[in-house]
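Descriptive structure summary
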Amino acid sequence: MEDNNHNQEENSAEYLLTPEEEQKLISLAETIIKNWEVTVNSVEVIQGGQMAIVWKIHTTEGPICLKRIHRPEKKALFSINAQNYLALKGMRVPGIIPNKNGILYTKHGPFLFVVYEWIEGRPFELTVQEDLEFIMKGLAEFHTASVGYRPPEGVPIFTKLGRWPNHYIKRCQQMETWKILAKSLPDDPFSKLYLAEADFFIKEGRDTLKRLVESEYLDWVGTVKAMPNLCHQDYGTGNSLLGDDGQIWVIDLDTVSFDLPIRDLRKMIIPLLDTTGVWNEEQFNIMINAYESVSPLTEKQKEIMFIDMLFPYELYDVIRERYVRKSPLLETELAEAFEYERIKSGALNQLIK
């Protein structure tokens, strides 16, 4: 059984609730669900211990999903209305069940609570080509179906359109700043390696910025602004299911915003290839071809995607994990991240004409 938010096993491994905590969450759900016209048989905590909490509510009509959204209210309203728009349009996202007052959510304390249809299914296995193609087609369908969404009056628009250059600049500046931190740790092998190699990759980040600005990125942004599509921003095996109906379902839309569709492709493809230690050209092509079988990209759009993929995002994440989150990463993990960036750079530079 998979919950219609995340893989249950993954979440239980992350955080185990005490019986007292679990009972508290069940009581909370029983209080909140009174705002909906349902007869409850039992309540099951699917995901707890984090800001987003998910319950499976067993009712006389079958199971439904109750979720506490872990986003600021305005961001939550943007995504709740986006999901409702897509569901009403027939896109395979869990439909939102309005409360007794016909409202899509109930506010309790600082949080918004939403009730969704329960989707039965299994997560995709990305080592299986058929699943990999399925998940990429589902992403393309999500992007095309989301064109036309406009949040209701009073709900701010969340967009990343046109902001990539700023993201690049900020990350390059942070990688520079982390050199100062590394210098303060002269006996740390991770920091020694970082100081020895970082400049090359910071320069690569700045070169990528220059290439992005000189590409047709801003022209494409201008076109998309007129009729924007949503980006999921956290798409992958945790947030998609192969339903018992044989269809792909896209779930957990909490972080959606307007952006170029290739943002989701980069966030999906690059980390997946990073797990192998080599550049898997076949897998890379399978993913892009599957996406394009539903939503084709022009050569110029693909060039912008390859440029964005060049930026050392994965390396940045490893360094941030060590210096910001203070995770005890070993120098071997940094060495692997450097090596992957080199392999990735060689492969992508051949694709960029």
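These notes cover the structure that comes with them. (Residues numbered from 1 in each chain as written. Predicted model: local features only at pLDDT ≥ 70, side-chain atom pairs only at ≥ 80, totals over all residues. Heavy atoms only, no water.)

What follows concerns the pairing of strand β5 (residues 111–117). Among the seven residues that make up β5, six are buried, leaving the element largely enclosed by the rest of the structure. Two elements, strand β3 (residues 62–68) and β5, share five bridges in a ladder whose sense is antiparallel. From the neighbouring strand, R68 faces β5, where its bridge partner is F113. As judged from the three bridges shared by strand β4 (residues 106–108) and β5, these two strands associate in the antiparallel manner. For K107, the partnering residue across the bridge sits in β5 and is L112. Between β4 and β5, which follow one another and run antiparallel, lie two residues, and G109 among them has a positive phi close to 65°. (Buried < 20%, exposed > 50% of the residue type's maximum accessible area, 1.4 Å probe, protein only. Helix = DSSP H or I, 4+ residues; strand = E, 2+ residues; numbered from the N terminus. Pairing = 2+ DSSP bridges.)

On to the packing of helix α4 (residues 129–146) against helix α9 (residues 281–292), then. Close contact between α4 and α9 brings their axes to 7 Å; oriented N to C, the two are set at 40°. On the basis of the axis angle, α4 is oblique to α9. Considering the relative orientation of α4 and α9, their crossing is right-handed. Along the contact surface, α4 presents Q129, L132, E133, M136, K137, L139, A140 and H143, while α9 presents Q283, I286, M287, A290 and Y291. Across the contact of α4 with α9, the residue classes break down as eight nonpolar, three polar and two charged. (Axes fitted to C-alpha atoms, helices over the stretch in contact; angles between N-to-C directions. Parallel < 35°, antiparallel > 145°, perpendicular 65-115°, else oblique. Left-handed = near helix turned anticlockwise from the far one by under 90°. Contact = heavy atoms within 4.5 Å. Nonpolar A, V, L, I, M, F, W, Y, C, P; charged D, E, K, R; others polar.)

A few words now on the packing of aromatic side chains. One pass over the full model with this rule turns up 18 aromatic pairs. Ring centres 5.7 Å apart and planes at 50° place the aromatic pair F124 and F134 in the tilted group. Here F124, found in the loop between β6 (121–122) and α4, pairs with F134, found in helix α4; they are ten residues apart in sequence, far enough to count as distant. Residue classification places F124 among the buried residues on the basis of a relative accessible area of 4%. A centroid spacing of 6.0 Å and a plane angle of 35° characterise the contact between F284 and F306, whose relative ring orientation is tilted. With F284 in helix α9 and F306 in helix α10 (residues 299–310), the pair connects residues that are 22 residues apart, well separated along the chain. Of the two residues examined, F284 and F306, each falls in the buried class. Among the aromatic side chains, those forming a connected cluster through ring pairs are F78, Y85, Y149, F158 and F258. The cationic tip of R68 hangs over the ring face of F111; the distance from NZ or CZ to the ring centre is 3.8 Å. (Phe/Tyr/Trp six-rings, centres within 6.5 Å; stacked < 30°, edge-to-face > 60°. Lys NZ or Arg CZ within 6 Å of the ring centre and 35° of its normal.)

Such coordinate-based values are descriptive only and should not be taken to indicate function.
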